[in-house]
Amino acid sequence: MAKEVVDSMAMKRALTRMTYEIIEKNKGIEDLVIVGIKTRGIYLAKRIAQRLQQLEGASVPVGELDISLYRDDRHDAASKNEPIVNSAKLDFDITEKQVILIDDVLFTGRTIRAALDALMDQGRPKKINLAVLVDRGHRELPIRADFVGKNIPTSLDEQISVEVEEIDEKDSIKIEKI
């Protein structure tokens, strides 16, 4: 049975705090672009961009990244079949930009490693910062988030699930035993 550890209001507060931290760390929003990792990272990215617009009075480009081609655990390099390329929806150049990469949960770091590879194929940013709604620990790679909504330490027999209103009709973060 899943136990809700973050409700809608707490999630909204975490995203707002992260938005302020992004503004502070980047000294404003000049040259800033936001890229959400499919699927829930995209909705979180759009929310942060919306909040940046409200606070700074200027819009920040938001892009979408599908990293399934870049996953080292989902593609067999020895296979003769060519992987399907899922394009990034970046309607802007990331070269020399400050990129905020956004995902819902940071766990082993493999998704982020794949996202970094996908981003670098799109251009050469000045800087990349990572923002995650939940950091649950258990890293397998030396990757750390710059902006964290909530640290939720977990055991390996637990799972974190993030629900967003745009897909799941409500906002929440739940933890459950696998």
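Residue numbers run consecutively from 1 along every chain, following the written order of its sequence. Predicted model: local features are reported for residues with pLDDT of at least 70 only, side-chain atom pairs are reported and counted for 80 or more only, and whole-chain, interface and lining totals are derived from all residues. Side-chain figures throughout are based on the complete set of non-hydrogen atoms in the structure, without hydrogens or water.

Peer 1: Whenever I open this one, the overall build of the protein confuses me. Can you help?
Peer 2: Along its length, the protein carries four helices and eight strands. For a compact globule the rule gives 2.2 Å times the number of residues to the power 0.38, and the radius of gyration it is set against comes from C-alpha atoms. Over its C-alpha trace the protein gives a radius of gyration of 16 Å, about what one expects of a compact globule, namely 16 Å for 178 residues. Here the C-alpha coordinates of the protein stretch approximately 45 × 40 × 30 Å along the principal axes. We call a residue buried when its accessible area falls under 20% of the maximum for its residue type, exposed when it is over 50%, and partly exposed in between, using a 1.4 Å probe and counting protein chains only. Residues counted as buried form 44% of the 178 residues belonging to the protein. For every accessible area listed, the method is Shrake-Rupley and the probe measures 1.4 Å; residues are considered covered only by the protein chains on display. For the protein, the exposed surface amounts to about 9,800 Å²; the carbon and sulfur share of it is 47%. Secondary structure elements are taken from DSSP: a helix is a run of H or I of four residues or more, a strand is a run of E of two residues or more, and numbering for both begins at the N terminus.

Peer 1: Teacher, can you tell me more about the pattern of salt bridges here?
Peer 2: Salt bridges are identified by distance alone: a Lys or Arg side-chain nitrogen within 4 Å of an Asp or Glu carboxyl oxygen. Considering all chains together, one arrives at 17 salt bridges under this definition. One salt bridge in this structure joins Arg110 and Glu140, with 2.7 Å as the shortest N-O distance. Taken together, the residues span a long stretch of sequence, with Arg110 in helix H3 (residues 110–120) and Glu140 in the loop between strand E5 (127–135) and strand E6 (147–151) at a distance of 30 residues. With relative accessibility at 48%, the residue Glu140 sits in the partly exposed group.

Peer 1: Any chance you could explain helix H2 (residues 40–56) here in plain terms?
Peer 2: Think of an α-helix as turning once every 3.6 residues; residues three or four places apart then point the same way. Expected helix span is given by 1.5 Å per residue-to-residue step, counting one fewer step than there are residues. Look at H2: 24 Å from first C-alpha to last across 17 residues, which is about the 24 Å you get at 1.5 Å a residue. Two residues or fewer after H2 comes Gly57, characterised by a positive phi angle close to 70 degrees.

Peer 1: Would you mind going over the sheet that holds strand E8 (residues 172–177) with me for this structure?
Peer 2: Backbone hydrogen bonds are what pair the strands of a sheet, in a parallel or an antiparallel way. Being paired, for any two strands, means DSSP has found at least two bridges between them. Across the sheet, which stays open at both edges, the three strands sit in the order E1-E8-E7 with antiparallel pairing between neighbours. In the strand order of this sheet, the two ends are held by strand E1 (3–6) and strand E7 (158–163), each with one partner. The mean inter-strand angle of the sheet, taken between neighbouring strand axes irrespective of direction, is 30 degrees. Residue contacts are defined here by distance: any two heavy atoms, one from each residue, within 4.5 Å place the two residues in contact. Where helices are involved, their axes are fitted lines through C-alpha atoms of the stretch in contact, as for all axes, and angles between N-to-C directions lie from 0 to 180°. Across the sheet, helix H1 (residues 8–25) lies against E1, E7 and E8, angled at about 35 degrees from E1, the strand it touches most.

Peer 1: Where do I start with the confidence of the model for the protein in this structure?
Peer 2: Segments scoring low in pLDDT should not have their predicted coordinates read at a detailed level. Known as pLDDT, the predictor's confidence for each residue is given on a scale from 0 to 100. On average, residues of the protein carry a pLDDT of 92, and 92% of them reach 70 or more. Counting contacts from residues 77–85, a segment whose pLDDT is below 50, to residues more than four positions away or on other chains yields four contacts.

Peer 1: Looking at this model, I keep getting lost on unusual backbone geometry. Mind explaining?
Peer 2: Backbone phi values are negative for most residues with the exception of glycine, while trans is the configuration of most peptide bonds. Along the chain, Lys38 connects to Thr39 via a cis peptide bond; the corresponding omega equals 10 degrees. Inspection of the secondary structure puts Thr39 in the loop between strand E2 (32–37) and H2. If you check the backbone angles, Lys27 has positive phi at about 55 degrees while not being a glycine. One can find Lys27 in the loop between H1 and E2. Positive phi values are uncommon outside glycine, yet Asp31 reaches one of about 60 degrees. Structurally, the position occupied by Asp31 is in the loop between H1 and E2. Given the relative accessible area of 31%, Asp31 is considered partly exposed.

Peer 1: Teacher, can you tell me more about the sheet that holds E2 here?
Peer 2: Spatial ordering of the open sheet is given by E3-E2-E4-E5-E6, a layout of five strands whose pairing is parallel. Each edge of the sheet is formed by a strand with only one pairing partner; in this case those strands are strand E3 (62–65) and E6. Going from strand to strand, the sheet's axes swing by 25 degrees on average, the running direction of each strand aside. Bridge count between E2 and E3: four bridges; the pairing is parallel.

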